[in-house]
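Structural overview
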Amino acid sequence: MNGKELLQKLDQQEQESHHFIKWWRKENDFVDIELIETFRDELNAGDEFGGFELLDMEQLWDIVHKLCPNRVSRRIMDNHEMIVWDRLDQKGVKSSIKCSFSPEFLIQIFDVETKGNYIE
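Below or above, wherever it landed, is the structure these notes cover. (Residues numbered from 1 in each chain as written. Predicted model: local features only at pLDDT ≥ 70, side-chain atom pairs only at ≥ 80, totals over all residues. Heavy atoms only, no water.)

1. Details of a negative patch on the surface
Together, E37, D41, E42 and E104 line one region of the surface with negative charge. Per-element tally for the negative patch: the top contributor is helix α2 (residues 36-42), with three residues. Assignment of secondary structure puts E37 in helix α2. (Patch = residues over 30% accessible without salt bridge, like charges linked within 9 Å, V, L, I, M, F, W, Y side chains within 5 Å. Areas by Shrake-Rupley, 256 points an atom, 1.4 Å probe, with all protein chains shown as cover. Salt bridge = Lys/Arg side-chain N within 4 Å of Asp/Glu carboxyl O. Lys, Arg positive; Asp, Glu negative; His and termini not counted. Charge placed at Lys NZ, Arg CZ, Asp CG, Glu CD. Helix = DSSP H or I, 4+ residues; strand = E, 2+ residues; numbered from the N terminus.)

What follows is the structure, encoded as structure tokens:
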């Protein structure tokens, strides 16, 4: 399907709970996950796709948690759901990052942990 066809299907299937799109090329050699709004902004009508799946927060959380189960956790802090992400910086220094459980932070963690090479 081309970008125009995918956009039409996206408009039909998207629900309020969906924040992310998992998409792949026709050749099935590449899978990516993005925020839906980012995907829409960068979509070209002539792009070719093999398919897509819409994901909600819990579905992407499951993926991220499987990627790095010992480095991410969810906690309630000051009545807000937070992600605690333990990571090493470029110098190998461990730091613990606390951020809100939101689509923007969750996709950032996904992108850093996969280094742009998500393999299912």
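Past the structure itself, the notes keep going.
2. Details of helix α4 (residues 103-114)
Look at α4: 16 Å from first C-alpha to last across 12 residues, which is about the 16 Å you get at 1.5 Å a residue. Looking at the packing, one finds that the buried side of α4 touches β1 (18-24), β2 (31-35), α3 (57-67), β4 (72-77), β5 (80-88) and β6 (94-100). In the stretch just after α4, K115 is the one whose phi turns positive, near 55 degrees. (Expected span 1.5 Å × (residues − 1). Contact = heavy atoms within 4.5 Å.)

3. Structural notes on the sheet that holds β6
Taken in spatial order, the three strands make up an open sheet running β4-β5-β6, and their pairing is antiparallel. The open sheet has two free edges, formed respectively by β4 and β6, since each of these has just one partner strand. Averaged over all pairs of adjacent strands, the angle between strand axes in this sheet comes to 30 degrees, irrespective of strand direction. Across six bridges, the pairing between β4 and β5 is antiparallel. Opposite S73, over in β5, you have V84 as the bridge partner. Strands in contact with α3 are β4 and β5; relative to β4, the strand with the most contacts, it is inclined by about 130 degrees. Sitting on the sheet, α4 is in contact with β4, β5 and β6, with an inclination near 20 degrees to β5. (Pairing = 2+ DSSP bridges. Axes fitted to C-alpha atoms, helices over the stretch in contact; angles between N-to-C directions.)

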